[in-house]
Amino acid sequence: MADAYSWAKFLHIISVIAWMAGLFYLPRLFVYHTTAEVGSDKSETFKIMERRLLKAIMNPAMMSSWIFGLWLVYLLDAYFDLWLMLKFSMVLLMTIYHMVLSGHVRKFAQDQNKNSERYFRIINEIPTLLMVAIVFFVIFKP
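These lines cover the structure that appears in this document, whether it is placed above or below. Values in this document were obtained by computation on a predicted structure and should not be read as measured data. Counting starts from 1 at the beginning of each chain's written sequence and moves along it residue by residue. Totals for whole chains, interfaces and linings use all residues, but because this is a predicted model, local features are given only for residues with pLDDT of at least 70 and pairs of side-chain atoms are given and counted only at 80 or more. Each side-chain value is derived from all of the structure's non-hydrogen atoms; neither hydrogens nor water enter the calculation.

Moving on, we come to the layout of surface pockets. Reported here for the largest pocket is a volume of approximately 830 Å³. In this analysis the probe radius is 1.4 Å and the grid spacing 1 Å, with only protein atoms considered; a cavity is a set of points the probe fits into but cannot get out of, a pocket is an open set with protein on both sides within 12 Å along at least five of seven lines, and lining residues have an atom within 4 Å of a point. Lining the largest pocket we find 29 residues, and of these His12, Gly69, Lys87, Ile134 and Val138 sit closest to its centre. A helix here means a DSSP run of H or I that spans at least four residues, while a strand means a run of E at least two residues long, and both kinds are numbered starting from the N terminus. Of all the secondary-structure elements, those providing two or more residues to the lining of the largest pocket are helix H1 (2–33), helix H2 (41–76), helix H3 (82–109) and helix H5 (126–140). Among the elements that take part in the lining of the largest pocket, H1 stands out by supplying eight residues, more than any other. For the lining of the largest pocket, the residue count by class is 23 nonpolar, three polar and three charged. Among the secondary structure elements, those contributing two or more residues to the lining of the second largest pocket are H2 and H3. Grid points are joined across faces, edges and corners, and a volume is the space filled by probe spheres set on the points. All amino acids are sorted into three groups, where Ala, Val, Leu, Ile, Met, Phe, Trp, Tyr, Cys and Pro are nonpolar, Asp, Glu, Lys and Arg are charged, and the leftover types, Gly among them, are polar.

Let us look at the environment of Ile134. Inspection of the secondary structure assignment puts Ile134 in helix H5. A simple rule labels every residue: compare its accessible area, found with a 1.4 Å probe on the protein chains alone, to the largest value its type can have, and call it buried under 20%, exposed over 50%, or partly exposed in between. Residue Ile134 is classed as buried on the basis of its relative accessible area of 13%. In this structure, the C-alpha to C-alpha distance between Ile134 and Ile17, residues 117 residues apart in sequence, is 13 Å. Any two residues having at least one pair of non-hydrogen atoms within 4.5 Å are treated as being in contact. Not counting the four nearest positions on each side in its chain, Ile134 is found in contact with Lys87, Met90, Val91 and Met94.

Residues Trp7, Phe10, Ile13, Ile14, Ile17, Trp71, Tyr74, Tyr79, Phe80 and Met85 make up a contiguous nonpolar surface patch of roughly 1100 Å² in combined accessible area. Elements represented by at least two residues in the nonpolar patch include exactly H1 and H2. Examining the composition of the nonpolar patch, we find that five residues originate from one element, H1, more than from any other. Within the secondary structure, Tyr74 sits in helix H2. The class of Tyr74 is exposed, set by a relative accessible area of 57%. What goes into a patch is any residue over 30% in relative accessible area without a salt bridge, connected to like charges within 9 Å or, for nonpolar side chains (Val, Leu, Ile, Met, Phe, Trp, Tyr), within 5 Å. Using the Shrake-Rupley algorithm and a 1.4 Å probe, accessible areas are obtained, with residue cover drawn only from the displayed protein chains. Between Lys or Arg on one side and Asp or Glu on the other, a salt bridge is scored when a side-chain nitrogen of the former is within 4 Å of a carboxyl oxygen of the latter.

Below you can see the structure in the form of structure tokens.
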């Protein structure tokens, strides 16, 4: 079991790092995209960057984070531990945040963004707060 556990933990951590990188970077792209004129080369370049980041990195990283995380839960037999339920709720919120960002990618792709640069700067802090809570629950297991 130690071998499977080590592999599951390794793959989960790598997946989470990739997912978090995307969750931090995509809203920053939105900040800069809001300043680009609709239809400009700059705007079209941001659309490509946002779509590729979401489809090639963030979506697979989110899915693998869930898969390897659930594998860890199975290996630890920790289904009903309080710390896991708290962590799970934060990861669920992170997943909802991911879906919100995905919606923004679609809106930018259709030149229908209505949000300001300030809005994207503010929501860019959400994954940091969730990450702090998740790491707290994993380390201290309240």
